[in-house]
Amino acid sequence: MRVLVCGGAGYIGSHTCVALAERGHEVVVVDNFCNSSPVVAERLQRITGRAPDVLRIDIRDAQTLGRVFSGDRFDAVIHFAALKAVGESCEKPLDYFDNNIAGTIALLKAMQAAGVRRLVFSSSATVYGDPASVPIDEDAALSATNPYGRTKLVMEQLIGDVCAADPAWQAISLRYFNPVGAHPSGLIGESPNGIPNNLMPYICQVAVGKRERLQVFGGDWPTVDGTGVRDYIHVMDLAQAHVHALEALDGVQGHLPLNLGVGRGVSVLELVRAFEAASGRTVPYAIVDRRAGDVAAVYADPARAERILGWRAIRDVDDMCRDAWRWQSMNPDGYADG
Ligand code: NAD
Ligand code: WQD
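Sequence order as written defines residue numbering, which begins from 1 separately in each chain. Lettering for chains starts from A, numbering for ligands starts from 1, and both go in the order in which the items are written. In keeping with the predicted nature of the model, local features appear solely for residues at pLDDT of at least 70, side-chain atom pairs appear and are counted solely at 80 or more, and the whole-chain, interface and lining totals rest on all residues. Note that the side-chain values use all heavy atoms of the structure and ignore hydrogens as well as water.

*Asks:* Let's hear about the pattern of salt bridges: which residues, and what values?
*Replies:* Whenever a carboxyl oxygen of Asp or Glu lies within 4 Å of a side-chain nitrogen of Lys or Arg, that contact is scored as a salt bridge. Considering all chains together, one arrives at 24 salt bridges under this definition. R60 serves as the salt-bridge partner of D58, at 2.6 Å between the closest nitrogen and oxygen. Taking relative accessible area as the criterion, D58 reaches 21% and is therefore assigned partly exposed. A residue is classified by how much of its surface remains accessible, and R60, at 32% relative accessible area, is partly exposed. Here R304 makes a salt bridge to E138, at a shortest N to O gap of 3.7 Å. With R304 in helix 10 (residues 303-309) and E138 in the loop between strand 5 (118-124) and helix 6 (147-165), the pair connects residues that are 166 residues apart, well separated along the chain. Taken together, the shared-partner salt bridges connect R2, E26 and D72 into one network. Burial classes follow relative accessibility: with a 1.4 Å probe on protein chains only, a residue under 20% of its type's maximum area counts as buried, one over 50% as exposed, and anything between as partly exposed. Note on conventions: DSSP H or I runs of at least 4 residues are helices, E runs of at least 2 residues are strands, and numbering of each starts at the N terminus.

Listed below in structure tokens is the structure:
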């Protein structure tokens, strides 16, 4: 298939470009590089032997996006392009609504105008808000606990409404749990700007000596060891799931949300210990107060995705830590290393 990948220079998008290329799909990337680097194209070339076409475009620029669709013929779109930092979204809600929601509207309109009606969308476990129970399946109640989460919820609803209005549309929203790890080459990975918000990149920066110690947010959660429990999933497994989703679109009616997780909860301290074993480094930490908005345990019931996509996550926490550490140690400053 010929696939337009919006936000394809980012963390999950770049890994998905590798999986798509390995499966023989043709990729055109659209990205404004607001949270990624053009260096990614050269890294993708080194991994796959071929650099994808990369266009520097903001998806809210309807005119330019329209020209991309009218000058090419795409079989489907994968839509990663969004701002994703929960804390920042509380400080700058309008930026988040504008980028994520207006961006998605512009993209859906351009697709509609070009007659491209197949979409794989990056959603998030954040759409389950503070879940009533775990594991979480796709029928669980949806809610948002912050502006970022609200944008994801609205984006899913927009896609659902467009599919309901025109049965020619086929869309899958992939609700990622906690993506971590990197390509085993160490050439692509997660390259956060400033202080990392998420646990794995923070652990990596402590291990490489960029930060003194990890702050563990809460030691009194009702979990196995008192620390927060999440469903970490290797980004390579996630990338593979996008290829399966793309190829499953033909059999989908309307809008289908699917959880992408391993289905197993791992605590903060379990992840720290696994990382120490994989890296041979110690990760100093201090247990501090809970972070506002956090919840005790979030993990997926991935059965529906496994059944419909014929996919399952095959990499374990040790693989995630080993590959995250290889990326971090080969690129201590991420893509800023060039
Ligand atoms: P990322 O920031 O690395 O990738 C997003 C990419 O989109 C970046 O390259 C950015 O430059 C680009 N982009 C953003 N706005 C754009 C715009 N208006 N026009 C063009 N390009 C734009 O993030 P990621 O971790 O790869 O996440 C990808 C998607 O998955 C996002 O939609 C995110 O909300 C979702 N998601 C991520 C996680 C996670 O923990 N990483 C979890 C659940 C869902
Ligand atoms: C994981 C665990 C923290 C950092 C977020 C978004 C979610 C999704 C994925 C996009 C929790 C603890 C963390 C630290 C810590 N993103 N922690 N010290 O909160 O599950 O999900 O990213 O859609 O929407 O909310 O991930 O990596 O921030 O936290 O102790 O420095 O690690 O309390 O238990 P989270 P996370």
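There's more to say after this.
*Asks:* Can you lay out helix 6 for me, pointing to particular residues and giving the numbers?
*Replies:* The span you would expect from a helix comes to 1.5 Å times its residue count less one. Taking 1.5 Å of rise per residue, the 19 residues of helix 6 would be expected to cover 27 Å, and the 27 Å separating its terminal C-alpha atoms lies within 8% of that figure. For helix 6, the complete set of buried residues consists of P147, Y148, G149, T151, K152, L153, M155, E156, I159, G160 and C163. Against helix 4 (86-91), helix 5 (93-114), strand 5, strand 6 (170-176) and strand 11 (254-260) lie the buried residues of helix 6. By the criterion applied in these results, polar contacts are pairs of N or O atoms within 3.5 Å in which, for protein atoms, one can donate a hydrogen and the other can accept it, and in which residues neighboring in sequence qualify only through two side-chain atoms. The distance from a side-chain oxygen at the start of helix 6 to the backbone nitrogen of Y148 is 3.2 Å, and the residue carrying that oxygen is N146. Whether two residues touch is decided by their heavy atoms; if any such pair falls within 4.5 Å, the residues are in contact.

*Asks:* Quick one: what's the story with the site of ligand 1, residue by residue and with numbers?
*Replies:* Whether a residue is near a molecule or strand depends on its heavy atoms: it is near if one of them lies within 4 Å of it. The local shell around ligand 1 holds 27 residues, among which D31, N35, S36, Y148 and K152 are the closest. In this structure, an oxygen atom belonging to ligand 1 sits 2.8 Å away from a main-chain N or O atom of I12. N99 has a polar side-chain atom sitting 2.9 Å from a nitrogen atom of ligand 1. For the shell around ligand 1, the elements supplying multiple residues, two or more each, are helix 1 (11-22), strand 5 and helix 6. Broken down by element, the residue count for the shell around ligand 1 peaks at 3 residues, all from strand 5. For this classification, Asp, Glu, Lys and Arg are treated as charged, while Ala, Val, Leu, Ile, Met, Phe, Trp, Tyr, Cys and Pro are nonpolar and the rest, including Gly, are polar. By residue class, the composition of the shell around ligand 1 is 13 nonpolar, 9 polar and 5 charged.

*Asks:* Would you mind going over the sheet that holds strand 12 (residues 266-267) in detail, with residue names and values included?
*Replies:* Paired through backbone hydrogen bonds, the strands of a sheet run either parallel or antiparallel to each other. Only strands joined by at least two bridges in the DSSP assignment are considered to pair. Spatially, the 3 strands line up as an open sheet ordered 12-9-14, and their pairing is mixed. The open sheet terminates on both sides in strands that have one partner only, identified here as strand 12 and strand 14 (297-298). With 2 bridges connecting them, strand 9 (residues 229-230) and strand 12 associate as antiparallel partners. Note that in strand 12 the partner of V229 across the bridge is S267.

*Asks:* I'd like a rundown of the UniProt feature "domain: NAD-dependent epimerase/dehydratase" (unreviewed entry) in the protein chain, residues and numbers included.
*Replies:* Feature annotation in UniProt assigns "domain: NAD-dependent epimerase/dehydratase" (unreviewed entry) to the following positions: residues 3-259. Structurally, residues 3-259 is divided into 39% helix and 19% strand, and its ends, taken at the C-alpha atoms, are 22 Å apart. UniProt positions are given in the numbering used here, feature names are shortened, and annotations may be inferred rather than shown by experiment.

*Asks:* Break down the sheet that holds strand 2 (residues 26-31) for me, citing the residues and quoting the values.
*Replies:* Taking strand neighbours across the sheet as the criterion, the 7 strands line up as 3-2-1-4-5-6-11 in an open arrangement whose pairing is parallel. Pairing within the sheet leaves two strands with one partner each, and these edge strands are strand 3 (53-56) and strand 11. Between one strand axis and the next, the sheet turns by 20 degrees as a mean value, whatever way the strands run. As paired elements, strand 1 (residues 2-6) and strand 4 (residues 76-79) share 4 bridges and run parallel to each other. If you follow V3 over to strand 4, its bridge partner there is A76. To get an axis, fit a line to the C-alpha atoms, keeping to the stretch in contact for a helix; angles then go from 0 to 180 degrees between the N-to-C directions. The strands touched by helix 1 are strand 1, strand 2, strand 4 and strand 6; relative to strand 2, the strand with the most contacts, the crossing angle is about 165 degrees. Contacting strand 1, strand 4 and strand 5, helix 5 crosses the sheet at an angle of about 175 degrees to strand 4.

*Asks:* Please provide a residue-by-residue account of the packing of aromatic side chains, values included.
*Replies:* In summary, the pairing rule links any two rings of Phe, Tyr or Trp, Trp by its six-membered ring, whose centres are within 6.5 Å, and it sorts them by plane angle into stacked for under 30 degrees, edge-to-face for over 60 and tilted for everything else. Counted under the stated rule, the structure contains 4 aromatic pairs. On the numbers, 5.7 Å between centres and 80 degrees between planes, the contact of F69 with F74 is edge-to-face. The buried category is assigned to F69, whose relative accessible area is 4%. Judged by centre distance (5.1 Å) and plane angle (55 degrees), the ring pair of W327 and Y335 falls under tilted.

*Asks:* Give a detailed account of the nonpolar core, specifying residues and quantitative values.
*Replies:* What is meant by a nonpolar core is a set of buried Ala, Val, Leu, Ile, Met, Phe, Trp, Tyr and Cys residues, joined one to another through side-chain atoms within 4.5 Å. Counting residues in hydrophobic clusters, the biggest one holds 43 residues, and the most contacted among them are V5, I172, L174, L260, L309 and W311. Those residues in contact with L309 that lie beyond four places of it in its chain are I172, L174, A241, H244, A245, A248, L258, L260 and R304.

*Asks:* Explain unusual backbone geometry residue by residue, including any values.
*Replies:* A cis geometry characterises the amide bond from V134 onward to P135, with omega recorded as -5 degrees. As for its position among the elements, P135 is in the loop between strand 5 and helix 6.

*Asks:* Please provide a residue-by-residue account of the environment of A125, values included.
*Replies:* By the secondary structure assignment, A125 is in the loop between strand 5 and helix 6. With 34 residues separating them in the primary sequence, A125 and E91 have C-alpha atoms 21 Å apart. In contact with A125, not counting residues within four places along its chain, are R175, Y176 and F177.

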